[in-house]
Protein chains: 2
Amino acid sequence: MSSERQAADEPGEPEPAPPARPPRGAAFLLTQLGTHAAERFAVRVAELGLTPPDIGLLRTIATRPGRSQRALAAELGVVPSRVVALIDHLDGKGLVERRRSTEDRRNHELYLSEEGGRLLGEVWGIAAAHEDDILSALDDGQRDRLTELLGLVAAQQGLTPGVHPGYRNLPDGRRS
Amino acid sequence: MSSERQAADEPGEPEPAPPARPPRGAAFLLTQLGTHAAERFAVRVAELGLTPPDIGLLRTIATRPGRSQRALAAELGVVPSRVVALIDHLDGKGLVERRRSTEDRRNHELYLSEEGGRLLGEVWGIAAAHEDDILSALDDGQRDRLTELLGLVAAQQGLTPGVHPGYRNLPDGRRS
DNA sequence: TATTGTTATACTCTATAACTATA
DNA sequence: TATAGTTATAGAGTATAACAATA
């Protein structure tokens, strides 16, 4: 199946003949490449036994240790029950620790374990290799330019630096 | 606010905190913006009662009408049973038609209905508005440059033009 | 009564496998 | 026996709501 050409006027029943050009805009390329990059990154971190959400959680905890699960859920924009499941996973692997707060015993203060910190350290190397893989088509100058342009777009769109939108609750647009 | 290189080196301030810098690379920005753009697009097309997978299917059918579901599944890189569900949805809304092939009665030839073609026509306008929304931070020259750079990356990464990777089915991280 | 974390539950999405009807 | 489409089923992911402990 390699026929590139398709006759517009087929014999037989009259077709509506709709416009059918492929999307070439930057927005579609962003979606396409973003999904692709996410998949590739997922494959890489899977070698550490982690998922991309795991990474984000580890990173967020490392940024400000001792916070409650509620605070974490608020920052990431997810529902608290989801944090429970994610922390359960990381706790089961010995990467994070829940410590009952002495001030308010309802709270769980979250900390990275030593192993969690070590593993997070490995992630930086993986991220660098991933970056180099994805951008291997570009030279250094082009990479800088791309990074700058993407940064402008991300800032204007109101994206929180370092927080993946995948954590956020779906606005709408589910199947009807 | 221009990002003048990523000069976040050790400026001399003693950091008591663990290694917890947010990712600033282009690869993460791609993932972040790609997910964001996909969400926004989903919200827009939801007003037509459609989902992004629906759009991709309509577009692919319009590109070459009359193909079988099997052929469609192969092109998109999904399992045939998934095409059944997607076509069911579109068929139920009267946007596509299944026609038993007269040559091989096992096949279903897929066509857009008149309404399907009309709706797909509306999508182009929506896509243009979406593009303009996402890229509103950039002027025309910057948009061209961004599109060019993204095109280079997409080509090198082997992405099929116009086909969203979300359709692809890669179980354990294999890439074709 | 309000809040934190948890559990129970349901729903969406998507893949695998079994089944049918043709060939 | 082989193939196209379908149905049945299961699993991952994530949301909502009810619940227990604590304030």
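Residues numbered from 1 in each chain as written. Chains lettered and ligands numbered in written order. Predicted model: local features only at pLDDT ≥ 70, side-chain atom pairs only at ≥ 80, totals over all residues. Heavy atoms only, no water.

Under an unreviewed UniProt entry, chain A has the name MarR family transcriptional regulator and belongs to Kitasatospora indigofera.

## A few points about the protein's contact with DNA strand C
Residues in contact with DNA strand C amount to 17 residues; listed here are only the nearest, A:Gln69, A:Arg70, B:Ser81, B:Arg105 and B:Arg106. Sugar and phosphate atoms represent 65% of those atoms of DNA strand C found within 4 Å of the protein. Separating a phosphate oxygen of DNA strand C from a backbone N or O atom of A:Arg70 is a distance of 2.6 Å. Taken together, the elements giving at least two residues each to the surface near DNA strand C come down to helix H3 (69-76) and helix H4 (80-92) of chain A together with helix H4 (80-92) of chain B. By residue class, the composition of the surface near DNA strand C is two nonpolar, seven polar and eight charged. (Near = heavy atom within 4 Å. Polar contact = N/O pair within 3.5 Å; in protein donor to acceptor, adjacent residues only side chain to side chain. Helix = DSSP H or I, 4+ residues; strand = E, 2+ residues; numbered from the N terminus. Nonpolar A, V, L, I, M, F, W, Y, C, P; charged D, E, K, R; others polar.)

## Quick look at the relation of the copies chain A and chain B
The two chain copies are connected by a rotation around an axis plus a translation along it. In screw terms, the move from chain A to chain B is a rotation of 179° and a rise of 0.0 Å along the axis, fitting with an RMSD of 0.1 Å. On this basis, the relationship between the two copies can be described by a two-fold rotation axis. Proximity to the rotation axis, assessed at the C-alpha, singles out A:Gly34 in chain A; its C-alpha lies 2.1 Å from the axis. Looking at the interface residues of chain A, 87% of them are also at the interface in chain B, so both copies use one shared face. (Least-squares fit on C-alpha atoms with pLDDT ≥ 70 in both. Contact = heavy atoms within 4.5 Å.)

## Remarks on the side chain of B:Gln157
All names here are of chain B. By secondary structure assignment, the location of Gln 157 is in the segment after helix H6 (140-156). Look at Gln 157 and you get buried, because its relative accessible area is 3%. A polar atom in the side chain of Gln 157 sits 2.7 Å from the side chain of Gln 156. (Buried < 20%, exposed > 50% of the residue type's maximum accessible area, 1.4 Å probe, protein only.)

## Things to note about H4(B)
Residue and element names in this part refer to chain B. The end-to-end C-alpha distance of H4 is 18 Å, a good match for the 18 Å that 13 residues give at a rise of 1.5 Å each. Among the residues of H4, Val 83, Leu 86, Ile 87, His 89 and Leu 90 are the ones counted as buried. Within H4, the buried residues cover an arc of 155° as seen down the axis, which keeps them to one side. Turned more than 90 degrees off the buried face of H4, the exposed positions are Ser 81 and Gly 92. (Expected span 1.5 Å × (residues − 1). Arc of directions from axis to C-beta.)

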